[in-house]
Amino acid sequence: MQTELILPRPDDMHLHLRDGDMMRAVTPYSSRDFARAIIMPNLVPPVTTLEAATAYRDRILAAVPKGQDFRPMMTLYLTETTTPDEVAAAFASGIVKAVKLYPAGATTNSDSGVKDVRNVMHVLEKMSEIGMPLLVHGEVTSAEIDIFDREAVFIDRVLEPLRRALPDLRIVMEHVTTKDGVDYVRSADSGLAATLTTHHLVLNRNALLAGGIRPHYYCLPVLKRERHRLALRDAAVSGDARFFLGTDSAPHARSAKESPCGCAGMFTAINTMPILASVFEQEGQLDRLADFTSKHGAGFYGLEPTAARLRLVKRAEPLDWPAQIDAGGDEVTVFDPGFPVYWHVADQPGATEEQSHEDI
Ligand code: NCD
Ligand code: ZN
């Protein structure tokens, strides 16, 4: 049995860190295990300019504990008033790596999003020209489309026409949740990739709805049926460089989730790497974890995998994590995968190399 795994320090290519007290509370969990992260711009108000992205990056860096090396890679939130010059200047700065397209009303804080892609074509043309990636929240928002079909309909109605119009535009389908999404990414010759979240690899929609409604398993895109989860796992462990990790760790105050109209998002930053090691082990593909978490995403963004290493060890005792963390007076519930996790990040406090070996 394999009990040790050493990876280039991973990259989280889709992360919500929020701002203020919440950001200061959650950032250390990402910076502890990850080298770099693509930071989502859906603050209130959204991050739409290089100036705002730079200031946000500085606030994040100030929240990284001393001694940890974490690089936030910023994104701009695409609105119908975003200009080609703004995104080009942001990309040229090196601080902003991509632009995020939220269909208006698709998810948390997406009111300023795009109502019709035709209204932002001039910006997308510029991005295509300069090689700047477009990250899409791939769901339509029309009220008449069933929430479980929104990803598949987005592919047909928005993504495929967009890719035909701008074949050189580099696109990431963020948090793909269906077999339709996986198949679509696989069918593309070039320029298209997808992030996969930790939670969609672990849970299907029964976790959310069977035996009682569980608001901490509510996220967007919503959890799907088992056959979709299996397709996502297959993509994650396949070694196909078009699929890489974006946790979509999205903390919300517990009270905002446990509510008659609860917010979407799961907080997974704290235990993602141990859970993913379990998933890849269950699939008999532990050796491919590094591709998924540390190489494919870096490759897409034109980066080298980090020289620093993350060491995971399998121990006899399951990993323990707090049910909630404190975030400036609010509680944030930590993701529970529903199974014991025996993988530990080795250099976490209390899990030194020596202890880890002894415990096995
Ligand atoms: C995200 C959030 O809370 O910001 N929620 C979620 O369920 N994933 C937004 C998003 O990525 O859709
Ligand atoms: Zn997200």
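The rules behind the values
Residues numbered from 1 in each chain as written. Chains lettered and ligands numbered in written order. Predicted model: local features only at pLDDT ≥ 70, side-chain atom pairs only at ≥ 80, totals over all residues. Heavy atoms only, no water. Buried < 20%, exposed > 50% of the residue type's maximum accessible area, 1.4 Å probe, protein only. Helix = DSSP H or I, 4+ residues; strand = E, 2+ residues; numbered from the N terminus. Arc of directions from axis to C-beta. Contact = heavy atoms within 4.5 Å. Near = heavy atom within 4 Å. Polar contact = N/O pair within 3.5 Å; in protein donor to acceptor, adjacent residues only side chain to side chain. Areas by Shrake-Rupley, 256 points an atom, 1.4 Å probe, with all protein chains shown as cover. 1 Å grid on protein atoms, 1.4 Å probe; cavity = no way out; pocket = protein on both sides within 12 Å on 5 of 7 lines; lining within 4 Å. Sits in = over half its atoms within 2 Å of the grid points. Nonpolar A, V, L, I, M, F, W, Y, C, P; charged D, E, K, R; others polar.

A. Region of the structure containing helix 3 (residues 84-93). For helix 3, the complete set of buried residues consists of Pro84, Val87, Ala88 and Ala90. In a view along the axis of helix 3, the buried residues occupy a sector of 160 degrees, so they form one face of it. Residues of helix 3 that are exposed and point more than 90 degrees away from the buried face comprise Asp85 and Ala92. Those residues of helix 3 that are buried are in contact with helix 2 (50-63), strand 4 (71-77), strand 5 (96-101) and helix 4 (121-130). With its phi angle positive at about 85 degrees, Gly94 sits one or two positions after the end of helix 3.

B. Spatial organisation of unusual backbone geometry. Omega for the bond connecting Val44 with Pro45 falls within 30 degrees of zero, at -5 degrees, which places this linkage in the cis form. One can find Pro45 in the loop between strand 3 (36-39) and helix 2. Cis geometry is adopted by the peptide bond preceding Pro221, which originates at Leu220 and carries an omega value of -10 degrees. Residue placement: Pro221 occurs in the loop between helix 8 (206-209) and helix 9 (226-237). One non-glycine residue, Arg18, lies in the positive phi region at around 60 degrees.

C. Representation of the site of ligand 1 within the structure. Surveying the vicinity of ligand 1 reveals 15 residues, the closest of which are Arg18, Asn42, Thr107, Leu220 and Asp248. Note that an oxygen atom of ligand 1 is positioned 3.1 Å from one of the side-chain N or O atoms of His16. Between Leu220 and ligand 1, the recorded distance is 2.7 Å, taken from a backbone N or O atom to an oxygen atom. If ligand 1 stood free it would expose 310 Å²; the protein chains cover 100% of that surface. Judged by the proximity of its atoms to the pocket grid, ligand 1 belongs to the largest cavity. For the shell around ligand 1, the class distribution of residues is four nonpolar, nine polar and two charged.

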